Amino acid sequence: MKFFIDTANLDEIREAYDLGVLDGVTTNPSLMAKEGITGQENIIEHYKAICDIVDDKVSAEVIATDYDGIIKEGLSLAKLDDKIVVKVPMIRDGVKAIKYFSNEGIRTNCTLVFSAGQAILAAKAGATYLSPFLGRLDDISYDGLDLIEQIVHIYQTYGFATEVLAASIRHTMHLIKCAELGADVVTCPLKVITGLLKHPLTDSGLATFLADHAKAAGK
């Protein structure tokens, strides 16, 4: 399973990268705005800064919702760095654009996916990654993990190359369950990744070892 961090915060990206488990980054306009990154020129420079930190797979989202606009923005983003993955919304013109980008050898991440039908369309169009938003489904009393399981099953049955990138991950159990269900990638905040480190028995065991060492050393 690949770990992506869902943020535009450079310090968090560096911390996740230094941990040695980071495989990529996903961003969106909301995350950019949260970091105070506004204006197209500043956003572009921020994408470049992210690419300078990580080894590969930086999802950069288009803003346009019409076919020509998506193509224009996507091509511009793809030229920034070989690490860029063009993030395209699950809409009619988005699917058409994914097919175009696929034919041009440009990697894509189909985002805002909430159904298996949408997942099939994205895979047929040649999306590199598919981002089902399981946390947002949980918010409306639908089990988002059921959708992850359904999409993984469909993709495996038909041999689709599109990777399932579980998004809108809210906590560590979301991440672990996605791993159990066979999601190829999870993207989540840094706190979810570092949350995997925590266990009370680890803390108490370490405290005991250190106390015993201090006694043995005569301290």
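For the structure itself, look to the data block above.
Residues numbered from 1 in each chain as written. Predicted model: local features only at pLDDT ≥ 70, side-chain atom pairs only at ≥ 80, totals over all residues. Heavy atoms only, no water.

**Some thoughts on the environment of Ile37**
In step 1: Note on placement: Ile37 falls in the loop between α2 (29-34) and α3 (40-53).
In step 2: Given the relative accessible area of 17%, Ile37 is considered buried.
In step 3: Ile37 has contacts with Met32, Asn42, Ile43 and His46, leaving out every residue within four places of it along the chain. (Helix = DSSP H or I, 4+ residues; strand = E, 2+ residues; numbered from the N terminus. Buried < 20%, exposed > 50% of the residue type's maximum accessible area, 1.4 Å probe, protein only. Contact = heavy atoms within 4.5 Å.)

**Notes on the nonpolar core**
In step 1: In this structure, Ile169 and Cys178 are the most contacted members of the largest nonpolar core, which totals 62 residues.
In step 2: Here the element with the most residues in this core is helix α8 (residues 144-158); it accounts for seven residues.
In step 3: Core analysis: the second largest hydrophobic core is formed by five residues, Phe4, Val85, Leu165 and Val185 among them. (Core = buried A, V, L, I, M, F, W, Y, C linked by side-chain atoms within 4.5 Å.)

**Section: the side chain of Ser131**
In step 1: Tracing the chain through its elements places Ser131 in strand β6 (residues 129-132).
In step 2: Setting aside residues no more than four positions away along its own chain, Ser131 makes contact with Asn109, Cys110, Thr111, Leu112, Val113, Leu165 and Ala167.

**Description of the pattern of salt bridges**
In step 1: Counted under the stated rule, the structure contains nine salt bridges.
In step 2: Glu45 serves as the salt-bridge partner of Lys48, at 3.4 Å between the closest nitrogen and oxygen. In this pair, Lys48 and Glu45 both sit in helix α3, three residues apart, roughly one turn of the helix.
In step 3: A relative accessible area of 42% places Glu45 in the partly exposed class.
In step 4: Put simply, Glu180 and Lys177 hold a salt bridge, and the shortest N to O gap is 3.5 Å. Within this pair, Glu180 and its partner Lys177 are both found in helix α9 (residues 172-181), separated by three residues, close to a single helical turn.
In step 5: A network of salt bridges, in which partner residues are shared, links Asp56, Lys57 and Arg107. (Salt bridge = Lys/Arg side-chain N within 4 Å of Asp/Glu carboxyl O.)

**With respect to the packing of helix α4 (residues 67-78) against helix α5 (residues 92-103)**
In step 1: For the pair α4 and α5, the least separation of the axes is 9 Å and the interaxial angle reads 40 degrees. By the angle class used here, α4 and α5 are oblique. When you trace α4 past α5, the crossing you get is right-handed. Contacts between α4 and α5 involve Tyr67, Ile70, Ile71, Gly74 and Leu75 from the first element and Asp93, Gly94, Lys96, Ala97, Tyr100 and Phe101 from the second.
In step 2: Classifying every residue of the contact of α4 with α5 gives seven nonpolar, two polar and two charged. (Axes fitted to C-alpha atoms, helices over the stretch in contact; angles between N-to-C directions. Parallel < 35°, antiparallel > 145°, perpendicular 65-115°, else oblique. Left-handed = near helix turned anticlockwise from the far one by under 90°. Nonpolar A, V, L, I, M, F, W, Y, C, P; charged D, E, K, R; others polar.)

**Points about the layout of surface pockets**
In step 1: Within this model, the largest pocket holds a volume of roughly 530 Å³.
In step 2: Every residue lining the largest pocket is counted, 27 residues in all, and those nearest its centre are Asp6, Asn28, Leu31, Arg136 and Ser168.
In step 3: Put simply, the parts of the chain that give the lining of the largest pocket at least two residues each are α2, β5 (108-113), β8 (185-188) and α10 (190-195).
In step 4: Per-element tally for the lining of the largest pocket: the top contributor is α2, with four residues.
In step 5: Taken together, the residues that form the lining of the largest pocket break down as nine nonpolar, nine polar and nine charged. (1 Å grid on protein atoms, 1.4 Å probe; cavity = no way out; pocket = protein on both sides within 12 Å on 5 of 7 lines; lining within 4 Å. Points joined across faces, edges and corners; volume = space filled by probe spheres on them.)

**Let's talk about the side chain of Thr108**
In step 1: Secondary-structure assignment places Thr108 in strand β5.
In step 2: Residue classification places Thr108 among the buried positions, given a relative accessible area of 0%.

**Regarding helix α1 (residues 10-19)**
In step 1: Of the residues that open α1, the one with a side-chain oxygen 3.0 Å from the backbone nitrogen of Asp11 is Asn9.
In step 2: Remark: Gly20 follows α1 within two positions and exhibits a positive phi of approximately 90 degrees. (Polar contact = N/O pair within 3.5 Å; in protein donor to acceptor, adjacent residues only side chain to side chain.)

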